[in-house]
Amino acid sequence: MPLTAETLKQLAHDCGFELAGIAAAQPSGDFDRFNTWRELGMAGEMTYLTGHRGDKRGDPRALLPTARSILCVGKLYHSDHPLSTELEQGGRAWISRYAWGSDYHEVLRRQLEDLVERISARYDQPFEWKICVDTAPLLERSYARDAGLGWIGKNTCLINQQQGSWFFLGELLLSIPLSPDMPPPDRCGSCRRCIDACPTTALVPDGAGRFRLDSRLCISYLTIEKRGDVPPDLHSGIGPHVFGCDICQDVCPWNRRAPHTEEPEFQPTNSAPRLDDLAGLTERQFRDRFRHSPVWRAKYTGFLRNVAIALGNLASSEATAHLKRLAAHPDPTVAAAARAALAQRS
């Protein structure tokens, strides 16, 4: 039987996605802006954005030559726990909200596979498809905007007017022609709370009235993607963050009434752990605790480096004791971060 865009979006909602919309599988008008951004060096050391895989982001048909439509979905991960801006720190580390539960790649892929099965049961013609979850070379926020899921805010996050920005994005490329949705208007207006709240001033003007994220200054990039040493002049701005940052979303007015997820796998298990506990993690303990969490991406030594930086921003004698021990760590990056933190305290 024929498959309409509305039927497909309803099937997506039935599979557990709070947002769903259709975009045309054609080159994105944002690719030139993306290209300028990486030519300016703002991708930092993320070679998957600057190399051949980055070049592929210009056209979804590089991933599926027969693609005609893109079903864009959003999966809510917000939970009823304090924001980073509300937390009484008291020696606690901040792990970004999206990493509190299970690895979202696995959850979204499983639900998108379920969706493909439901489409196959409803659609009586052969079709080709490809699932994309975060790691595929696709300008997913641009296509999500084109599919009507939200606008791209000044903090570069996708913002939905009714539900905010606490969403994972996924895409299903389809060879099925479908009517595309329309992008919503940008409703950031004159607000600049995210820009003013960023401790490392990572949101920079592009000269055309919009803003870019300079990854080289972004706490999320520094604590997740950056390998090796973090520039010491950025340590104080990182504060208690050991994996990612939520500040630009925490202060966004559109998140004031953001709903909470009902997904069991996104319920918090790693929210605001004590820095004392993290400083003493062995590599095996790190693996056991974070192997099926997004935190795994930082790797053990990268995570300990982040813990050392956060300890340097904590005024306590216990922090100094942990830093002295970490300064003798066999990994040179961890040791250097701890020594820089000790120097910062002297």
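The following refers to the structure shown. Everything quoted here is computed from the prediction, not taken from an experiment.

1. Re the pattern of salt bridges
No. 1: Enumeration according to the criterion identifies 15 salt bridges in this entry.
No. 2: Residues Arg38 and Asp55 are paired through a salt bridge, measuring 2.5 Å at the closest nitrogen-oxygen approach. Remark: Asp55 occurs in helix H4 (residues 52–55) and Arg38 occurs in helix H2 (residues 31–39); sequence separation between them is 17 residues.
No. 3: Arg38 sits in the buried class, given a relative accessible area of 11%.
No. 4: Here Asp55 falls in the partly exposed class, since its relative accessible area comes to 43%.
No. 5: When salt bridges with common partners are traced through the structure, they connect Glu6, Lys9 and Asp181 into a single cluster.

2. Thoughts on the pairing of strand E7 (residues 167–174)
Moving residue by residue along a regular strand, the side chains alternate between the two faces of the sheet.
No. 1: Counting buried residues along E7, eight of its eight residues qualify, which places the element largely inside the surrounding structure.
No. 2: Residues Phe167, Leu169, Glu171 and Leu173 point to one face of E7 and Phe168, Gly170, Leu172 and Leu174 to the other, with burial holding for every one of them.
No. 3: The pairing of strand E4 (residues 129–132) with E7 spans four bridges and is antiparallel. Directly across from Cys132, in E7, lies its bridge partner Glu171.

3. Notes on the packing of aromatic side chains
No. 1: Applying the stated criterion across every chain yields a total of 17 aromatic pairs.
No. 2: Ring centres of Tyr98 and Tyr104 lie 5.9 Å apart, and the angle between their planes is 75°; this geometry places the pair in the edge-to-face category.
No. 3: For Tyr104, a relative accessible area of 10% corresponds to the buried category.
No. 4: Taken together, Tyr77, Tyr98, Tyr104, Trp166, Phe168, Phe243 and Phe266 form an aromatic cluster joined through their ring pairs.
No. 5: The aromatic ring of Trp166 is capped on one face by Arg97, whose charged end is 5.5 Å from the ring centroid.

4. What to know about the packing of helix H14 (residues 317–326) against helix H15 (residues 332–345)
No. 1: Packing of H14 against H15 leaves a shortest axis separation of 8 Å and a crossing angle of 140°. Our pair here, H14 against H15, has a crossing hand that is left-handed. Here Ala319, Thr320, Leu323, Lys324 and Leu326 of H14 come into contact with H15, specifically with Val334, Ala335, Ala338, Ala341, Leu342 and Arg345.
No. 2: Here the contact of H14 with H15 is composed, by residue class, of eight nonpolar, one polar and two charged.

Calculation rules
Residues numbered from 1 in each chain as written. Predicted model: local features only at pLDDT ≥ 70, side-chain atom pairs only at ≥ 80, totals over all residues. Heavy atoms only, no water. Salt bridge = Lys/Arg side-chain N within 4 Å of Asp/Glu carboxyl O. Helix = DSSP H or I, 4+ residues; strand = E, 2+ residues; numbered from the N terminus. Buried < 20%, exposed > 50% of the residue type's maximum accessible area, 1.4 Å probe, protein only. Pairing = 2+ DSSP bridges. Phe/Tyr/Trp six-rings, centres within 6.5 Å; stacked < 30°, edge-to-face > 60°. Lys NZ or Arg CZ within 6 Å of the ring centre and 35° of its normal. Axes fitted to C-alpha atoms, helices over the stretch in contact; angles between N-to-C directions. Left-handed = near helix turned anticlockwise from the far one by under 90°. Contact = heavy atoms within 4.5 Å. Nonpolar A, V, L, I, M, F, W, Y, C, P; charged D, E, K, R; others polar.

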